Amino acid sequence: MNTNDVEAITQKLLNGEFDVTLLDQVVGAAYDPVSPHRAAANKALMQLQEAPDLWKAADSIIEKAQNPQSRFFGVQVLDDAIKTRWKILPAEQRDGIKSFVVGKIIKMSSDEALMKQEKVFIGKMNLTLVEILKQEWPHNWPSFISDLVGSSKTSEILCENNMQILKLLSEEVFDFSRDQMVTEKVKRMKESLNGEFSQIFQLCEFVLEHSQHPGLIKVTLQTLQRFLTWIPLGFIFQTKLIEVLLNKFFVEPTTRNYALDCLTEIGTLQDLEPQYDPLFRQLFVTFLQRLGDIFTPETDLAPAFEYGNEDDRMFI
């Protein structure tokens, strides 16, 4: 393939029936550091990405591409359409994109081996779903949270990825939304997430009480840590959450760092009513007791840090 071939392929992809195998050739040249046609291929990809109707081929690219980078290109094209064209797309096309993204995520995250193999790609698809949620939820997709929680109960593997989606959604709404969404939209999403949080919390409680799956427990604690900055205080102080964090997960080496992140988030809550003061004191006392079970006052932390594994060092 020479530069003229790249240009000819680009025109064919732009003007004819989309051929994913031709896209694979262009992507292959663009990502080949020794290809003499790399610059031309990168230029071609930029042209393709700017084509207003290329998003219609995104599903074919994601499903049929043999080059992994082609699939990521297909997702990027879809992301661009969601961010810039969503409101002008007909309802049936929006529903088609939603169904495709949700179906693809469920299919890939329902198989443990496939989920490990495709971890990065599934993560990218999760971000695409969150982009759709920023456009559609809650007004056009009011059942999203209940649908997600319901599907999580059918499979621990699926639940693990659903927790990732909830974590991303929380980050988008409460951490990153200031520059990307109008204030009224953020307000509605925050109200919806708050209003439906009891379902999410019950799912987290169930996982932390019953699951033996390390990956699911880890991501549930990570997701919970994101929630603790904004959830109603009753979920923290009027449930067994603190007790479970301290007595079950903080004392366990494989989960103590994630539990510590959650406890730190709770410990840094500010401007609370005086009624919570005794609960904070109890949290502090119990934390020191559990920490004493891990490190005695005589423990020399320097060698523990030097010779410990990565988790031990992070904990210290």
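This is a predicted model, so every value here is computed, not measured. (Residues numbered from 1 in each chain as written. Predicted model: local features only at pLDDT ≥ 70, side-chain atom pairs only at ≥ 80, totals over all residues. Heavy atoms only, no water.)

### A word on the overall build of the chain
Here comes step 1: Scanning the chain from N- to C-terminus turns up 19 helices and zero strands.
Here comes step 2: By its C-alpha atoms, the chain is 75 × 50 × 35 Å across when sized along the principal axes.
Here comes step 3: Each of the 316 residues in the chain was classed as buried or not, and the buried ones make up 46%.
Here comes step 4: Total accessible area on the chain stands at roughly 16800 Å², and carbon and sulfur atoms take up 52% of it. (Helix = DSSP H or I, 4+ residues; strand = E, 2+ residues; numbered from the N terminus. Buried < 20%, exposed > 50% of the residue type's maximum accessible area, 1.4 Å probe, protein only. Areas by Shrake-Rupley, 256 points an atom, 1.4 Å probe, with all protein chains shown as cover.)

### Overview of the packing of helix α5 (residues 68–85) against helix α8 (residues 119–136)
The geometry of a pair of packed helices is captured by two quantities: the angle between their axes and the separation between those axes.
Here comes step 1: It is at 10 Å that the axes of α5 and α8 come closest, and there the two elements cross at 10°. Taken together, the axes of α5 and α8 lie roughly parallel to each other. Residues Arg71, Phe72, Val75, Gln76, Leu78, Asp79, Ile82 and Lys83 of α5 lie in contact with α8, whose contacting residues are Val120, Phe121, Lys124, Met125, Thr128, Glu131, Ile132 and Gln135.
Here comes step 2: Residues of the contact of α5 with α8, tallied by class, amount to eight nonpolar, three polar and five charged. (Axes fitted to C-alpha atoms, helices over the stretch in contact; angles between N-to-C directions. Parallel < 35°, antiparallel > 145°, perpendicular 65-115°, else oblique. Contact = heavy atoms within 4.5 Å. Nonpolar A, V, L, I, M, F, W, Y, C, P; charged D, E, K, R; others polar.)

### Let's talk about the packing of aromatic side chains
Here comes step 1: Under the defined criterion, the tally for this structure stands at 14 aromatic pairs.
Here comes step 2: Aromatic pair Phe295 and Phe315: ring centres 5.8 Å apart, planes at 35°, arrangement tilted. On the criterion of sequence distance, the pair formed by Phe295 in the loop between α17 (277–294) and α18 (301–307) and Phe315 in helix α19 (residues 310–315) is long-range, its members being 20 residues apart.
Here comes step 3: When its relative accessible area of 9% is taken as the criterion, Phe315 is described as buried.
Here comes step 4: An aromatic cluster is built from Phe174, Phe197, Phe201, Phe227, Trp230 and Phe235, whose rings are joined through pairwise contacts. (Phe/Tyr/Trp six-rings, centres within 6.5 Å; stacked < 30°, edge-to-face > 60°.)

### Thoughts on helix α6 (residues 91–108)
Here comes step 1: Between the first and last C-alpha of α6 there are 26 Å, a value that for 18 residues agrees with the 26 Å anticipated at 1.5 Å per step.
Here comes step 2: Residues of α6 that are buried: Arg94, Ile97, Lys98, Phe100, Val101, Lys104, Ile105 and Met108. For α6, the arc enclosing every buried residue in end-on projection is 160°, short of the 170-degree limit, so these residues lie on one face. Residues of α6 that are exposed and angled more than 90 degrees away from the buried face: Glu92, Ser99 and Lys107.
Here comes step 3: On the buried face of α6, the contacting elements are α4 (58–64), α5, α7 (112–117), α8 and α10 (156–174). (Expected span 1.5 Å × (residues − 1). Arc of directions from axis to C-beta.)

### What to know about unusual backbone geometry
Here comes step 1: Here the amide bond leading from Trp137 into Pro138 is cis, since omega sits at 5°, within 30 degrees of zero.
Here comes step 2: Positionally, Pro138 belongs in the loop between α8 and α9 (144–152).
Here comes step 3: One non-glycine residue, Asp271, lies in the positive phi region at around 60°.
Here comes step 4: Among the secondary structure elements, Asp271 is positioned in the loop between α16 (256–267) and α17.

### As for the environment of Asn194
Here comes step 1: Inspection of the secondary structure puts Asn194 in helix α11 (residues 183–195).
Here comes step 2: Its relative accessible area of 29% is what places Asn194 among the partly exposed residues.
Here comes step 3: Taking C-alpha positions, Asn194 is 6.6 Å from Ile231, a pair spaced 37 residues apart along the chain.

### So, the pattern of salt bridges
Here comes step 1: Applying the stated criterion across every chain yields a total of eleven salt bridges.
Here comes step 2: Among the ionic pairs, Glu118 bridges to Arg71, the shortest N-O distance being 2.7 Å. With Glu118 in the loop between α7 and α8 and Arg71 in helix α5, this pair connects stretches of sequence that are 47 residues apart.
Here comes step 3: Classification of Glu118 as buried rests on a relative accessible area of 14%.
Here comes step 4: Among the salt bridges present, the one from Glu172 reaches Lys134, with a minimum N-O distance of 3.2 Å. (Salt bridge = Lys/Arg side-chain N within 4 Å of Asp/Glu carboxyl O.)

### Thoughts on the packing of helix α2 (residues 20–30) against helix α3 (residues 38–50)
Here comes step 1: It is at 7 Å that the axes of α2 and α3 come closest, and there the two elements cross at 130°. The angle between α2 and α3 falls in the class oblique. Once α2 is placed against α3, the crossing between them reads as left-handed. When α2 is examined against α3, the residues Leu23, Val26, Val27, Ala29 and Ala30 are found in contact with a partner set consisting of Arg38, Ala41, Asn42, Ala44, Leu45 and Leu48.
Here comes step 2: Its residues assigned to classes, the contact of α2 with α3 comprises nine nonpolar, one polar and one charged. (Left-handed = near helix turned anticlockwise from the far one by under 90°.)

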